[in-house]
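Read off the chains here:
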Amino acid sequence: MAGETEVSRGMLLSRETRDAAMECARGIADWLCMVQSPFTDDLPPAGQFPWIIHPDGRQFPANNWNYAFAIMGLLHASKVFGQPRYERAALAMGDFLKGLQIFDPFHKEDYGAIREVTPYTRWCYTRDALSVAWSFIELHRHTKDPEYLERARLWGEWFLRKGRDEEGWPLWGHVFGPFFEAAKTQMRNDIQGSFQGGSLNCLYHMNKVTGDRKWIGDSFTTIADFLIAHVQQDSGFYASIERATHKPPPADPQNNLHRANDDLGTLGLLAACKVTGNKAYLASAEKFLRAVFAGQLEDGRFEESVACIPVVLNVLHEGEGMLQAGIAPQEARVRALNALFAAQSDGRFNPLMRGAILENGATHKEQVIGRQSFVCARSSCYALIVLLKLATGHREYLTV
């Protein structure tokens, strides 16, 4: 068709949409470099960045998993745009993450585990730490440095040893020592979090890079089977459930954060299908995607947060040739992309927001009248990775 270019397996983008995707991605990569602290020996927060910035100037420090996906996006951007500073920023983030891994002799039982926010944080969310291990795998692929792979392996050994409950489902979190007096965390090990389905991805890539089938053995299939048997609901969506009942609690402890954003769980199910040939995993992913697109809003979003848009578009892209055709019409995908583009901040209310994605897709007019609006690394980093994939056709990260 005139004016259109096939740049991805599952989505035909007009040249205008492709250019918009590239421009949006470049803006996100520039934002990450702009807000990252310089990586110098005499600066305590060297390499760190804020994961949330508000128009009034409030900022919140990034957790470990924010760095993980920022690294993937920046490494991809360095290849697409030929900008060495994107690679430098990613490698500085990788160095910071190294400092979160536990190797000291006073925590022998947690050797290889990864702290949540700083080298002093006394706990982690298990899935967040897994994302760091996943980024170590990607850093190894990019640099060929064996240290990154060994760090990922050591974390994986800890995870298999201490990171799961008696049913084999990943624990919500883990505590390494007494909390600081002012510490506030949501450690809900009475809940089996729906977001843990995304754990399949790291285990899958550990197998791909090492060839060791331990990573896709019983522990792997137990997670995949539990996800589709207990975590997926009749609606098609995945929901966190009480360990005691295998039923969702009266109120989602994360306020439906992982509803349309399945936290890469369906991507993990595609990997599980590749490993096992079990089509039940594909059926589960398809049921979820139908539910998501059935609820698409008029403006193209699937819910208030736009973080789910790149996550959903990515699993459709990666599932091309595996998932049933027709689950998501082309027009619906383009509307979702346009909603993502519209959520990019131009920095008019705070220059440190420029280029990042407004988590809740608020327009600038809505910012003025007080609607909650802030830029966030969740939506921004997912978007950076997936927009580059859709615009270039290069499958670098979040793949199966």
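Reading guide: rules and limits
Residues numbered from 1 in each chain as written. Predicted model: local features only at pLDDT ≥ 70, side-chain atom pairs only at ≥ 80, totals over all residues. Heavy atoms only, no water. Helix = DSSP H or I, 4+ residues; strand = E, 2+ residues; numbered from the N terminus. Rg over C-alpha atoms; globule rule 2.2 N^0.38 Å. Buried < 20%, exposed > 50% of the residue type's maximum accessible area, 1.4 Å probe, protein only. Contact = heavy atoms within 4.5 Å. Areas by Shrake-Rupley, 256 points an atom, 1.4 Å probe, with all protein chains shown as cover. Lys, Arg positive; Asp, Glu negative; His and termini not counted. Charge placed at Lys NZ, Arg CZ, Asp CG, Glu CD. Axes fitted to C-alpha atoms, helices over the stretch in contact; angles between N-to-C directions. Parallel < 35°, antiparallel > 145°, perpendicular 65-115°, else oblique. Left-handed = near helix turned anticlockwise from the far one by under 90°. Pairing = 2+ DSSP bridges.

K.L.:
Just to check I follow, could you spell out the overall build of the protein chain for this structure?
P.N.:
Of the regular secondary structure elements, the protein chain holds 13 helices and 9 strands. Against the compact-globule benchmark of 21 Å for 400 residues, the protein chain has a radius of gyration of 20 Å, which places it among compact chains. Taken over 400 residues, the protein chain has a buried fraction of 60%. In the protein chain, the proportion of contacts linking residues at least 24 apart, taken out of those at least 6 apart, comes to 68%. As displayed, the protein chain has an accessible area near 16,000 Å², and 52% of this comes from carbon and sulfur atoms. Charge separation in the protein chain, taken as the distance between the mean sites of 42 positive and 46 negative side-chain charges, equals 2 Å.

K.L.:
So what exactly am I meant to see when it comes to the packing of helix H11 (residues 330-342) against helix H13 (residues 377-392) here?
P.N.:
Each pair of packed helices can be summarised by the angle the axes make with each other and by the distance between the axes. Viewed as axis vectors pointing N to C, H11 and H13 meet at an angle of 130 degrees, and their least axial separation amounts to 13 Å. Judged by the angle between their axes, H11 and H13 are oblique. Between H11 and H13 the crossing geometry is left-handed. Taken together, the residues of H13 that come into contact with H11 (itself represented by Leu337, Leu340 and Phe341) are Ala383, Leu387 and Leu390.

K.L.:
Teacher, can you tell me more about the pairing of strand E3 (residues 50-53) here?
P.N.:
Regular strands place side chains that alternate from one sheet face to the opposite one. Relative to strand E4 (residues 59-61), E3 runs antiparallel, the two sharing 3 bridges. Counterpart to Pro50 in the pairing with E4 is Pro61. Pairing analysis gives 2 bridges linking E3 to strand E9 (residues 375-376), with the strands arranged antiparallel. Residue Ile53 lies in a different strand from E9, and its bridge partner there is Val375.

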